[in-house]
Amino acid sequence: MTVVPKKTEAAKPASSVNSGYWSYSRLSMFRDCERQFYYKYVLGLPYPTNHSMRVGKIFHRAIELMIREGYSSSEALYFSIGEQEGLPEGEKTYYLLGMLNKAFDRIPKMDYLEISSELDLSIKTTKGVIKFIIDLVIDDPANDVTYLWDFKTSWTSFSAETHIQLPFYGWLYKQYRGYVGSTFKGRLVFPRLDKSEDNEVLLTDEKLAKAKLWLIQTITLIEAKNPDDQEDWKMAKDRSKCDYCPYVARCAGGLLAGLSSTGEPRNLQEAEKIGEYLLSQELALKNMKSGFKKWVEENQSVHVGTGVWLIEQKPSAKCEDVEALIDFAQRNGLDLKKALNPKPAILAEWLLEDETGELEQLISYSNGRKSFKYVK
Ligand code: SF4
């Protein structure tokens, strides 16, 4: 549901560096890595959706369809996968179905509860327009409680108590709506994990005030940055943030400036910079290889120098019952030596030629793993 922005305070221009509005993801990106924010929102470089972002989108759309439209989990999932143009590599539909069912089962079903899902809201503040999406709002008028739920599709859980996102949404939601229950709670729900990993935080006035301060301070910090000077935007201190960053090649290139080309540092400070450069290069190569592989897979092999980058897929065929295979070979005039030591390529060939259907019972066959390589 998209709701018309609600004005809570006098509106002012949002910022010289953003594109008209703020959101939790924008502000937390700046807090995690100023340089990433600069690349995405100041330079406007593309930020391709990664695996976990796509899974999150598929899941959130599907659970919305289940709650709002009454779709079954499989209807909702296939609809959502279609909208997202397929499932990311390595994800399984049965696993996502399990997540959806688990998440849906965790939603309380009492008739007196008022439940709204995927609320797409925005409000105007003195710091500009803030957009936010709340996965689930559960109002319990009987007990005067308001819950905000946020679904997390991560593989590990974390504490709602120390995560600023729920108080951030809590403060905005209270501004937007004007009232909440006398008990106001936020809950993180982890449908990949056991229900015991879900956890909540009491959204006290103190917590909401802290979140408001975080919002104001973060926007003020961004507004104080120089959009014309890249060096004014610091790179992430915590380099685990770089693991899935699409800008890692840019950062790796920039780190090379001024370093000794022999790789031999002149002092400890330079040694640390070289170490940092090498780590960034490794990540950059990993990212580039994965993007390049996807392109080759979807388009064609690429000739470079005397070789070619290509996708190789070797079918795999196995026979557990060699005695039965020998018997089959004898009856059908096949090479017995080959039956005694059955190689996958021979098994695949015999399987293809067999019109009796007998070998289908003896041989297990799969297309095999795809490997991406440079072949000279
Ligand atoms: S690679 Fe790391 S330092 Fe560079 S923009 Fe991305 S997160 Fe920031």
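Computed from a predicted structure; not experimentally measured.

1. Overview of the pairing of strand S5 (residues 145-151)
With respect to burial, S5 is a largely interior element, 5 of its 7 residues being buried. Across 5 bridges, strand S4 (residues 128-140) lies against S5 in antiparallel orientation. Bridge pairing links aspartate 139 to threonine 146 in S5. Where S4 hands over to S5, the hairpin turn is made up of 4 residues, of which aspartate 144 adopts a positive phi near 55 degrees. For S5 and strand S6 (residues 183-189), the ladder comprises 7 bridges, and the chain directions are parallel. The residue of S6 that forms the bridge with leucine 148 is glycine 186. A crossover links S5 with its parallel partner S6, the connecting element being helix H6 (residues 165-177), and its sense is right-handed.

2. Observations regarding the environment of tyrosine 365
By secondary structure assignment, the location of tyrosine 365 is in strand S11 (residues 363-366). Contacts of tyrosine 365, omitting those with residues within four sequence positions, involve Pro315, Ala317, Ala348 and Leu351.

3. Describing the packing of helix H1 (residues 24-32) against helix H2 (residues 34-42)
Axes are the key here: two packed helices are described by the angle between their axes and the distance separating the axes. Following both chains from N to C, one finds H1 and H2 inclined at 130 degrees, their axes separated by 5 Å at the closest point. One element, H1, and the other, H2, form an angle in the oblique class. Along its contact with H1, which presents Arg26, Met29 and Phe30, the element H2 presents Glu34, Gln36, Phe37 and Tyr41. Among the residues forming the contact of H1 with H2, the class breakdown is 4 nonpolar, 1 polar and 2 charged.

4. Thoughts on H2
Buried within H2 we find Arg35, Gln36, Phe37, Tyr38, Tyr39 and Val42. On its buried face, H2 sits against H1 and helix H8 (248-255).

5. Section: the site of the ligand
Around the ligand, a shell composed of Cys33, Arg35, Gln36, Tyr39, Met235, Ala236, Lys241, Cys242, Cys245, Tyr247, Val248 and Cys251 is seen. At the level of elements, H2 and H8 are the ones that each hand at least two residues to the shell around the ligand. The leading source of residues in the shell around the ligand is H2, at 3 residues. Here the shell around the ligand is composed, by residue class, of 9 nonpolar, 1 polar and 2 charged. Looking at which domains feed residues into the shell around the ligand, each of domain 1 (6-221) and domain 2 (247-295) gives three or more.

6. Focus: the environment of lysine 338
Relative to the elements of secondary structure, lysine 338 occurs in helix H11 (residues 336-340). A sequence separation of 13 residues divides lysine 338 from leucine 325, and the C-alpha atoms of the two residues are 9.9 Å apart.

7. Observations regarding the sheet that holds strand S9 (residues 307-313)
A sheet is described by the order of its strands in space; here 3 strands give the open sequence S8-S9-S12, paired in antiparallel fashion. The two strands at the open ends of the sheet, each matched to only one other strand, are strand S8 (302-304) and strand S12 (370-375). Sheet twist, expressed as the average angle between the axes of neighbouring strands with direction ignored, equals 30 degrees. Here 3 bridges tie S8 to S9, and the two strands are oriented antiparallel to one another.

Conventions used here
Residues numbered from 1 in each chain as written. Predicted model: local features only at pLDDT ≥ 70, side-chain atom pairs only at ≥ 80, totals over all residues. Buried ≥ 20, exposed ≤ 12 C-beta atoms within 10 Å, placed from the backbone. Helix = DSSP H or I, 4+ residues; strand = E, 2+ residues; numbered from the N terminus. Pairing = 2+ DSSP bridges. Right-handed = clockwise from strand over helix to strand, strands pointing away. Contact = placed C-beta atoms within 7 Å. Axes fitted to C-alpha atoms, helices over the stretch in contact; angles between N-to-C directions. Parallel < 35°, antiparallel > 145°, perpendicular 65-115°, else oblique. Nonpolar A, V, L, I, M, F, W, Y, C, P; charged D, E, K, R; others polar. Near = placed C-beta within 6 Å. Domains from an automatic or database assignment.

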